[in-house]
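The residues making up each chain are set out below.
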Amino acid sequence: MDAHSADVAEATQTDAYYCEVPSDPCLIVMFGASGDLARRKLLPALYDLALHSCLAPRFRLLGFARTGMRDDDFRKSAGEFLPKAEEPGGASGKKEDFLQHLQYFKGDYDDPDAYQQLVKRLEELDRERQLGGNRLFYLAVPPEVYMRIVEHLGKAGLAKPVSDKAWTRVIIEKPFGHDGASARELNEKVLSVFDESQIYRIDHYLGKETVQNLLVFRFGNGIFEPLWNRNYIDHVQITAAESLGVENRAAFYESAGALRDMIQSHVLQLTSLVAMEAPATFEATSVRNEKIKVLQSIRPFATETIWKSVVRGQYGPGNVDGKPVPGYRQEPGVKRDSAAETFVALKLHVDNWRWSGVPFYLRTGKRLARPLTEIAIRFRQAPHRVFRGENLEENSLVLNIQPDEGISLSFGAKSPGAQMHIQSVTMDFQYKRAFGSGPRSAYSTLINDCIRGEATLFDRADSVEAAWALVDPILDAWKSASAPPFPNYPAGSDGPRAADDLASSDGRRWRAL
Ligand code: BG6
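A brief report on the enclosed structure follows. Since we're looking at a predicted model, the values are computed, not measured.

Our next topic: helix 2 (residues 36-51). With 16 residues, helix 2 extends 22 Å between its outermost C-alpha atoms, agreeing within 8% with the 22 Å of an ideal straight helix rising 1.5 Å per residue. Maximal helix bending in helix 2 amounts to about 35 degrees, located at L42; proline P44 follows within four positions. Taken together, the buried positions of helix 2 are occupied by A38, L42, L43, P44, A45, L46, Y47, D48, L49, A50 and L51.

The next thing to look at is the sheet that holds strand 4 (residues 135-139). Across the sheet, which stays open at both edges, the six strands sit in the order 3-2-1-4-5-6 with parallel pairing between neighbours. The strands lining the two open edges of the sheet, one partner per strand, are strand 3 (102-106) and strand 6 (199-201). The sheet shows a mean angle of 20 degrees between the axes of neighbouring strands, direction not considered. Note that strand 1 (residues 27-31) and strand 4 share five bridges and pair parallel. From the neighbouring strand, F31 faces strand 4, where its bridge partner is L139. Set on the sheet, helix 5 (residues 112-129) makes contact with strand 1, strand 2 (60-65), strand 3 and strand 4; between it and strand 2 the angle comes to about 165 degrees.

Right, let's talk about the site of the ligand for a bit. Close to the ligand lie K174, H204, Y205, K208, E242, R249, D261, M262, H266, K366 and Q402, which account for all nearby residues. Here an oxygen atom of the ligand and a side-chain polar atom of H204 are 2.7 Å apart. Side-chain polar atom of Y205 to an oxygen atom of the ligand: 2.6 Å apart, as the coordinates give it. The biggest single contributor to the shell around the ligand is helix 9 (residues 250-275), with three residues. Broken down by class, the residue content of the shell around the ligand amounts to two nonpolar, three polar and six charged.

This part covers helix 8 (residues 209-219). Think of an α-helix as 3.6 residues a turn; residues three or four steps apart then line up on the same face. Restricting attention to buried positions, one finds in helix 8 the residues T210, V211, N213, L214, L215, F217 and R218. Where the residues of helix 8 are buried, they touch helix 9, strand 14 (372-379), strand 15 (396-402), strand 16 (406-414), strand 17 (422-430) and helix 12 (431-435).

Turning our eyes to something else, we now look at the pairing of strand 7 (residues 233-241). Of all nine residues in strand 7, eight are buried, a share of seventy percent or more. Here strand 7 runs beside strand 13 (residues 359-365); their pairing, made up of six bridges, is parallel. Bridging from a neighbouring strand, A241 pairs with G365 of strand 13.

Under the definition given, this model contains 22 aromatic pairs. Among the aromatic side chains, those forming a connected cluster through ring pairs are F31, F64, F105, Y109, Y115 and F137. The ring of W167 has R169 sitting right over it, with the charged end atom 4.0 Å from the ring centre. Seen from the ring of F176, R201 lies directly overhead, with NZ or CZ sitting 5.2 Å from the centre.

Rules behind the numbers
- Residues numbered from 1 in each chain as written.
- Predicted model: local features only at pLDDT ≥ 70, side-chain atom pairs only at ≥ 80, totals over all residues.
- Heavy atoms only, no water.
- Helix = DSSP H or I, 4+ residues; strand = E, 2+ residues; numbered from the N terminus.
- Expected span 1.5 Å × (residues − 1).
- Bend = angle between axes of the 7 residues up to and from the residue.
- Buried < 20%, exposed > 50% of the residue type's maximum accessible area, 1.4 Å probe, protein only.
- Pairing = 2+ DSSP bridges.
- Axes fitted to C-alpha atoms, helices over the stretch in contact; angles between N-to-C directions.
- Contact = heavy atoms within 4.5 Å.
- Near = heavy atom within 4 Å.
- Polar contact = N/O pair within 3.5 Å; in protein donor to acceptor, adjacent residues only side chain to side chain.
- Nonpolar A, V, L, I, M, F, W, Y, C, P; charged D, E, K, R; others polar.
- Phe/Tyr/Trp six-rings, centres within 6.5 Å; stacked < 30°, edge-to-face > 60°.
- Lys NZ or Arg CZ within 6 Å of the ring centre and 35° of its normal.

As structure tokens, then:
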């Protein structure tokens, strides 16, 4: 029996809900292992995979960071972020077992010697654990460090697979670049060291089960696709609202803002999935080819239209969930006169046959009334009004990405009684009710996909650059003019008034949060 078959046999309780067979044994090197992302998202996601026997039982994770720590300290700090005993997966005896797979490597990201030692450490672990030479480098570090790590990996000879049978892959977190020019530069650097097939640019929204279901909903069913075009759809609204503030990320957020942080990546990804044509197959190249066509069809923002079609905002003090919260400028680490936007609303057009004349309204923001990510398709009204005097609402199809994952369709129904009164009602599908459990974490899905060599849900170099090409003119215009008087919306509200005007000037309105 070879090593991989032995792993498959050992994983007696592979959970079909999560994965069919455990993946290849491999060594994950996590740069930034003591950071927030690694501890809050990545390690719990890996534990979730281990719990459901999706990781080969011999996998190893080597945390690489600058903080001095022993293996035990690293395990202890990782353990604090795994589910507690009373939470799902928390009582399993697998938690201790999982932590034993974690090891730590203290190193400076800029020190060539550290990479030479890393080479030796990887060879040892590979031999001891019979990992077949498979390696995954995960860059969970601040974006300004990406280039240096990639360069060092290349120089140390770590970018090339160790044999014909082994694989080496790299996951690069968002933000991929700070603007179009820096994204191109980063792509060039990464592509000078790794082959595109080894590079996994992660956007965790693509790993959300509800986001993937958008493709199943559209292309696995015959009902809605015939209606999915300018003849039946009046407009599309995409909302990614958060009630959280900037948390402890002021240093990043001050130079990023909502346009870079959310629109360039997550929200444009959702737009591509809503607007794309059916791919020939559900394989990486087909799906990515269709997605990029959408980005290429979006009408570029001309400087004179930006002031009319893009609104930026920043929250002031207010109340969220009944509790008073400070304004953005009062958050620790934020400049008292900061011009960083914590809210963006914009209108765009996808100039192609399917979407000609159908506006897409996108909005995202922090410290809004409630957390809600949804895609709402607003259909045109019936062409002839038979029920006179009744104020009929348009039909809406709402794909709720989070937190109440599901899909609902609203339509008019006759309310009981002698009168012909029409009331809007909904048909609802809810994940939890239908499947008995909520969706799994996006990071579990994506890490699992990367280990299996499945790149469909990752970003390609050209699409990252195409997304930057759309937002760059907005960034330039904002740079050249002073920001509107900030703050311009109170925490806990639906955003600035100018965002309402953006929709109402077209005779439309945002869905309430
Ligand atoms: C991240 C952004 O990419 O996505 C954060 O940097 C944001 O600012 C987060 O809070 C939202 O992700 P989710 O999965 O909580 O909607």
